[in-house]
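Summary of the model geometry
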Amino acid sequence: MSDRDQQPVERQLPTDESRDLIALVRDIAQREIAPKAAEEEDAGRFPREVFTLLSESGLLGLPYDSEYGGGDQPYEVYLQVLEELAAARLTVGLGVSVHTLASYALAAYGTKGQQVEHLPAMLGGGLLGAYCLSEPSSGSDAASLRTKAVRDGDHWVITGTKAWITHGGIADFYTVMARTGEEGSRGITAFLVPGDAEGLTGAVPERKMGMKGSPTAQVHFDGVRVPDERRVGEEGQGFAIALAALDSGRLGIAACAIGLAQAALDEAVAYATGRRQFGRPISDFQGLRFMLADMATQIEAGRALYLAAARLRDAGRPFARQAAMAKLHCTDTAMKVTTDAVQILGGYGYTADFPVERYMREAKVLQIVEGTNQIQRMVIARHLAGPEAR
């Protein structure tokens, strides 16, 4: 619609290596991901071959130790890679974020022996992970989960159902939180469960508003036997592990949201500068110019917010409050920007001929996953004013 070339996001990166990394990601995104995104999302096709390519390119373990196949990259860089991937196709960006989340427990809490045995395949061996915390009756109230793991000699027997699992039914490994003790948060333990374990099955994927190419499904554990050597961390430590993982995971969602919003802004600018009405480009009209300016400002603010939180994490400082803020602001921004992009394109924006209607449908889920935005507000408020009175 416009002859104006879209300029890539100008990034502040810490090293030449990280600049080369972003160049590699952009090349893969332009050649292998973006051209097929609309068709494959419409068909509900998961691009497993793209994840294989990302693994072979060293992009599935970026924030983890190179000793185990990771990329030794700070979160500041990893998140900008996620943003680039999500701008090309949210199914891919979010999928990498979820895989990183699923790998976190073993990378941060596993024993040296567990890490040596499992992490190389998880981070660079072509495997794909899933993270199992939510259940049909426990979403925001994750500490009330009911999936049980009962000790049987040197094994654990896991029984229950997990819900809303990204990559459910197709993952090669699942990081699973299960109850091994008392009610509440102190009775939960983490396990690394192989995807081909006997008794583990994925349900039919959910029929969703957007992200149709990313399978979201219940996962059933029917007496799944897991050796104690696949228990991650101490008994009863699982909930603390889950929350620590989610702090980092929320930054991944924030980066994906900004990538999606940036893609929507690029489409809106291209359309507005190319579409002519009343003898001139519609981008000449102040109403649309101000909309574009607001969209760009919200995106830049969101990018700065998630990067500030990432730099705290990289420095070893507390970042949970900032991660919640980033997830809240960036996903709300994605919803607003994609909605405005549809408005700018008018009737064309409401058709599948342009990608902004898909972006708007996809943005909605980002306000829900890994803690709804109402939960993020609760987290932020607790940091400011302390726990709620009971």
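Everything quoted here is computed from the prediction, not taken from an experiment.

**Some remarks on the nonpolar core**
Judged by nonpolar contacts, the single largest core of 72 residues is most densely connected at L54, L79 and Y306. Secondary-structure elements contributing two or more residues to this core are α1 (16-43), α2 (48-56), α3 (75-88), α4 (90-109), α6 (238-274), α7 (286-314), α8 (320-345) and α9 (356-366). Top element by residues in this core is α6. It accounts for 16 residues. Excluding residues within four positions of it along the chain, Y306 makes contact with R11, L79, Q80, E83, L251, A254, A255, I258, A326 and C330.

**Brief notes about the state of the cysteines**
For the coordinates displayed, the defined rule picks out zero disulfides. Not engaged in a disulfide, the cysteine C330 finds its nearest cysteine sulfur in C256; these two sulfurs lie 11 Å apart. Residue classification places C330 among the buried positions, given a relative accessible area of 0%.

**Examining the packing of α3 against α7**
Where α3 contacts α7, the axes come no closer than 8 Å and their chain directions differ by 145°. Between α3 and α7, the contacting residues are Y75, E76, L79, Q80 and E83 on the first element and R303, Y306, L307, A310, R311, R313 and D314 on the second.

**Thoughts on the pairing of strand β3 (residues 155-166)**
In this structure, strand β2 (residues 148-152) lies alongside β3, joined through five bridges in antiparallel fashion. Among the inter-strand pairings, A149 is bridged to a residue of β3, identified as I158. Summarising the sheet, β3 and strand β7 (residues 216-227) pair through 10 bridges and their orientation is antiparallel. Counted as the bridge partner of T159 is D222 from β7.

**Regarding the UniProt feature "domain: Acyl-CoA dehydrogenase/oxidase C-terminal" (unreviewed entry) in the protein**
Mapped onto this numbering, the UniProt entry gives "domain: Acyl-CoA dehydrogenase/oxidase C-terminal" (unreviewed entry) at residues 236-384. Taken as a whole, residues 236-384 contains 77% helix and 3% strand, while its terminal C-alpha atoms sit 28 Å from one another.

**Regarding α6**
Relative to the 54 Å expected for 37 residues at 1.5 Å per residue, α6 spans 53 Å between its end C-alpha atoms, a close match to the ideal helical length. Along α6, the sharpest change in direction is near 25° and occurs at D247. Taking burial as the measure, the 37 residues of α6 include 31 buried ones, the bulk of the element.

**Here we look at α4**
Structural remark: α-helix, 3.6 residues per turn; residues separated by three or four positions point the same way. End to end, α4 covers 29 Å across 20 residues, agreeing with the expected 28 Å (1.5 Å per residue, within 8%). At S103, α4 shows its maximal kink, close to 35°. Among the 20 residues that make up α4, 17 are buried, leaving the element largely enclosed by the rest of the structure.

**Structural notes on the pattern of salt bridges**
If you walk through the whole model with that rule in mind, you get 26 salt bridges. Close ionic contact of E49 with R45 constitutes a salt bridge, the shortest N to O distance being 3.0 Å. The partner of E135 in a salt bridge is K162, with the nearest N and O atoms 2.9 Å apart. Taken together, the positions of E135 in the loop between β1 (129-132) and β2 and K162 in strand β3 put the pair 27 residues apart, joining distant regions of the chain. A relative accessible area of 3% places E135 in the buried class.

**Focus on the packing of aromatic side chains**
Throughout the structure, instances matching the rule amount to eight aromatic pairs. With a centroid separation of 6.0 Å and an interplanar angle of 90°, the aromatic rings of Y271 and F354 are classed as edge-to-face. Highlighted residues: Y271 in helix α6 and F354 in the loop between α8 and α9, separated in sequence by 83 residues. By relative accessible area, which is 18% here, F354 ends up buried.

About the criteria used
Residues numbered from 1 in each chain as written. Predicted model: local features only at pLDDT ≥ 70, side-chain atom pairs only at ≥ 80, totals over all residues. Heavy atoms only, no water. Core = buried A, V, L, I, M, F, W, Y, C linked by side-chain atoms within 4.5 Å. Buried < 20%, exposed > 50% of the residue type's maximum accessible area, 1.4 Å probe, protein only. Helix = DSSP H or I, 4+ residues; strand = E, 2+ residues; numbered from the N terminus. Contact = heavy atoms within 4.5 Å. Disulfide = S-S within 2.5 Å. Axes fitted to C-alpha atoms, helices over the stretch in contact; angles between N-to-C directions. Pairing = 2+ DSSP bridges. UniProt positions renumbered as here; feature names shortened; annotations may be inferred. Expected span 1.5 Å × (residues − 1). Bend = angle between axes of the 7 residues up to and from the residue. Salt bridge = Lys/Arg side-chain N within 4 Å of Asp/Glu carboxyl O. Phe/Tyr/Trp six-rings, centres within 6.5 Å; stacked < 30°, edge-to-face > 60°.

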